[in-house]
Amino acid sequence: MNSPSHKLADATGIDHDAVAHGQSIKSVYVYEAPVRLWHWVNALAITVLAVTGYFIGAPLPTMPGEASDHFLMGYIRFAHFAAGYVFAVGLLGRIYWAFVGNHHARELFTLPVLTPAYWREVISMLKWYAFLSPRPNQYVGHNPMARLAMFCGFFLFSVFMVCTGFALYGEGAQMGSWQEQLFGWVIPLMGQSQDVHTWHRMGMWGMVIFVTLHVYAAIREDIMGRQSIVSTMISGYRTFKD
């Protein structure tokens, strides 16, 4: 038979005894505000770049009526270029913050490849992702596998996309533009303009695959792992569960 306190808890939802005997949750401040802001702005920029980039490579059918009444592809290209600038400036800002922010801000750009313990943790996380391990270790920053994926799948990919994207933009801006002067070397290096277009579009699909896996892994860790992931990039605090 329930005690009066239990009946009161059932009625009000307030149960101090249950809270006192519940599991405690520990949290650590990991991601500073500039890193979190960059993450979400960058996610929006990548989404716009992927959608508009797809239509630039596979344009929409001809619009009916007078051509002067429509500027659809012009708007799509403008959105792509604007998002490209946001993406590139954001990457530069993120690199800057790696020097002035806390040590977690540098994890995106560095890999301790000469440390055996790092690779042991990478293997451990591979087993966890493959459902061969019952539970992962607890990591304050990026787990070693995510760190490797972020460096190779995001940072290096981002540099490639910025270089090829501005090289193509430099063609339209013509000789003498800063885009052509800084990135014009990319086209002869890769063969010709169409080759750069092809590789840039393949890079887009590579980024889409990376983002898909990134979102899947973040949600999976929130549900099955021992620490928060998604909420950490909102609040900045990593919470740990036993």
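On a predicted model such as this, the values are computed, not experimentally measured, just so you know. (Residues numbered from 1 in each chain as written. Predicted model: local features only at pLDDT ≥ 70, side-chain atom pairs only at ≥ 80, totals over all residues. Heavy atoms only, no water.)

### Considering the confidence of the model for the chain
Of the residues in the chain, 88% reach a pLDDT of 70 or more, and the chain-wide mean stands at 88. Of all the helices and strands in the chain, helix H1 (residues 4-12) carries the lowest mean pLDDT, 57, while helix H3 (residues 33-57) carries the highest, 96. (pLDDT = per-residue confidence, 0-100. Helix = DSSP H or I, 4+ residues; strand = E, 2+ residues; numbered from the N terminus.)

### Points about the packing of aromatic side chains
Summed over all chains, the structure comprises 16 aromatic pairs. Here the aromatic rings of tyrosine 118 and tryptophan 119 are separated by 5.1 Å at their centres, their planes lie at 75 degrees, and the arrangement is edge-to-face. Owing to a relative accessible area of 34%, tryptophan 119 belongs among the partly exposed residues under this scheme. Considering the side-chain rings of phenylalanine 166 and tryptophan 178, the 5.5 Å spacing of their centres and the 45 degrees angle between planes classify their relative orientation as tilted. Separated by 12 residues along the polypeptide, phenylalanine 166 in helix H6 (residues 144-173) and tryptophan 178 in helix H7 (residues 178-183) bring together distant segments of the chain. Here the aromatic cluster, defined as three or more aromatic residues joined through ring pairs, consists of Phe81, Tyr85, Phe166, Tyr169, Trp178 and Phe183. (Phe/Tyr/Trp six-rings, centres within 6.5 Å; stacked < 30°, edge-to-face > 60°. Buried < 20%, exposed > 50% of the residue type's maximum accessible area, 1.4 Å probe, protein only.)

### Digging into the environment of proline 134
Looking at where proline 134 falls in the secondary structure, it is placed in the loop between helix H5 (116-129) and H6. For the pair proline 134 and glycine 225, spaced 91 residues apart in the sequence, the C-alpha separation amounts to 9.9 Å.

### Quick notes on the pairing of strand E2 (residues 237-240)
Alternating residues of E2 divide into Arg238 and Phe240, all buried, and Tyr237 and Thr239, none buried. With 4 bridges connecting them, strand E1 (residues 26-29) and E2 associate as antiparallel partners. For lysine 26, the partnering residue across the bridge sits in E2 and is phenylalanine 240. (Pairing = 2+ DSSP bridges.)

### As for the environment of alanine 88
Mapped onto the elements of the fold, alanine 88 is located in helix H4 (residues 72-100). As for alanine 88 and methionine 161, which are separated by 73 residues in sequence, their C-alpha atoms are 9.3 Å apart.

### Let's talk about unusual backbone geometry
Only a minority of non-glycine residues have a phi that is not negative, and only a minority of peptide bonds are not trans. Of note in the backbone geometry, phenylalanine 131 takes a positive phi value of approximately 60 degrees without being a glycine. Residue position: phenylalanine 131 is located in the loop between H5 and H6. Residue glutamine 174 is not a glycine yet carries a positive backbone phi of 75 degrees. Mapped onto the secondary structure, glutamine 174 falls in the loop between H6 and H7. Of the residues examined, glutamine 174 reaches a relative accessible area of 55% and is grouped as exposed.

### As for the packing of H4 against H6
Two numbers describe how H4 lies on H6: the axes approach to 11 Å, and their chain directions differ by 135 degrees. On the basis of their axis angle, the class for H4 and H6 is oblique. Read as a crossing pair, H4 and H6 show a hand that is left-handed. Residues Phe81, Tyr85, Phe87, Ala88, Leu91 and Ile95 of H4 lie in contact with H6, whose contacting residues are Phe154, Phe155, Ser158, Val159, Val162, Phe166 and Tyr169. Across the contact of H4 with H6, the residue classes tally to 12 nonpolar, 1 polar and no charged. (Axes fitted to C-alpha atoms, helices over the stretch in contact; angles between N-to-C directions. Parallel < 35°, antiparallel > 145°, perpendicular 65-115°, else oblique. Left-handed = near helix turned anticlockwise from the far one by under 90°. Contact = heavy atoms within 4.5 Å. Nonpolar A, V, L, I, M, F, W, Y, C, P; charged D, E, K, R; others polar.)

### Here we look at H4
Relative to the 42 Å expected for 29 residues at 1.5 Å per residue, H4 spans 42 Å between its end C-alpha atoms, a close match to the ideal helical length. Against H3, H6 and helix H9 (193-224) lie the buried residues of H4. (Expected span 1.5 Å × (residues − 1).)

### With respect to H3
Helix length check: H3, at 25 residues, gives a terminal C-alpha distance of 36 Å against a target of 36 Å (1.5 Å per residue), a fit within 8%. Every buried residue of H3 is listed here: Val35, Arg36, Trp38, Asn42, Ala45, Ile46, Leu49, Thr52 and Gly53. Those residues of H3 hidden inside the fold are in contact with E1, H4, H6, H9 and helix H10 (232-235).

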